[in-house]
Amino acid sequence: MMDATIPLWAGIPACILLVLGGLLALTGSAGLLRFRSFYSRIHAPTLGNTLGCACVLLSSILVFSAWSARPVFHEVIIILLLVVSSPVTAMLLMRAATYRKRLTKADADLDAR
């Protein structure tokens, strides 16, 4: 079993990263609720939650590297997948919304004729 104490040099930055990550995720979630249109709603969670998760994962890297006395980089793969997949997902959602809006407008034009 591992020793439960975390060195001070790792604990303080880990706490700061955890608080920052929580605040960023909270900001992204609040932006999702606050904004009115879909296009403005998509940006807040994409940016805020991605950065918030990255801060939490960096904190995890720091703590587990201090506990095991060797560099631990398993979370880097998660960060890379998150940074790559979140903007791509947002882009696909925005394109689908634009396409749907264009089709709805075309249907309304046909009904008006």
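Since this is a predicted model, take the numbers as computed values, not measurements.

(A) Structural view of the environment of Ile16. Residue position: Ile16 is located in helix H1 (residues 8-34). Residues Ile16 and Cys55, 39 residues apart in the sequence, show an inter-C-alpha distance of 9.1 Å.

(B) The arrangement of the packing of H1 against helix H3 (residues 43-68) in detail. Following both chains from N to C, one finds H1 and H3 inclined at 165°, their axes separated by 7 Å at the closest point. The pairing of H1 with H3 is recorded here as roughly antiparallel in orientation. Between H1 and H3 the crossing geometry is left-handed. Residues that form the contact of H1 with H3 fall into these classes: 19 nonpolar, 8 polar and no charged.

(C) Quick peek at H1. With 27 residues, H1 ought to run about 39 Å at 1.5 Å a step, and its terminal C-alpha atoms sit 38 Å apart, in line with that. Considered for burial, the residues of H1 that qualify are Ala10, Gly11, Ala14, Gly21, Gly28 and Gly31. Considering only its buried residues, H1 is in contact with H3.

(D) The arrangement of the packing of aromatic side chains in detail. Following the criterion strictly, the structure yields 2 aromatic pairs and no others. Ring geometry for Phe38 versus Tyr39: centroids 5.8 Å apart, planes at 75°, classification edge-to-face. Under the relative-accessibility criterion, Tyr39 is labelled partly exposed at 29%.

(E) Broad picture of the environment of Phe38. When you line up the elements, Phe38 lands in helix H2 (residues 38-41). You can call Phe38 partly exposed: its relative accessible area is 37%. It is 9.6 Å that separates the C-alpha atoms of Phe38 and Leu93, two residues lying 55 residues apart in sequence. Setting aside chain neighbours within four positions, we find Phe38 in contact with Leu93, Met94 and Ala97.

(F) Expanded view of unusual backbone geometry. A positive phi angle, close to 60°, is found at Ala69, a residue other than glycine. Along the polypeptide, Ala69 turns up in the loop between H3 and helix H4 (74-112). Given the relative accessible area of 72%, Ala69 is considered exposed.

Basis of the calculations
Residues numbered from 1 in each chain as written. Predicted model: local features only at pLDDT ≥ 70, side-chain atom pairs only at ≥ 80, totals over all residues. Heavy atoms only, no water. Helix = DSSP H or I, 4+ residues; strand = E, 2+ residues; numbered from the N terminus. Axes fitted to C-alpha atoms, helices over the stretch in contact; angles between N-to-C directions. Parallel < 35°, antiparallel > 145°, perpendicular 65-115°, else oblique. Left-handed = near helix turned anticlockwise from the far one by under 90°. Nonpolar A, V, L, I, M, F, W, Y, C, P; charged D, E, K, R; others polar. Expected span 1.5 Å × (residues − 1). Buried < 20%, exposed > 50% of the residue type's maximum accessible area, 1.4 Å probe, protein only. Contact = heavy atoms within 4.5 Å. Phe/Tyr/Trp six-rings, centres within 6.5 Å; stacked < 30°, edge-to-face > 60°.

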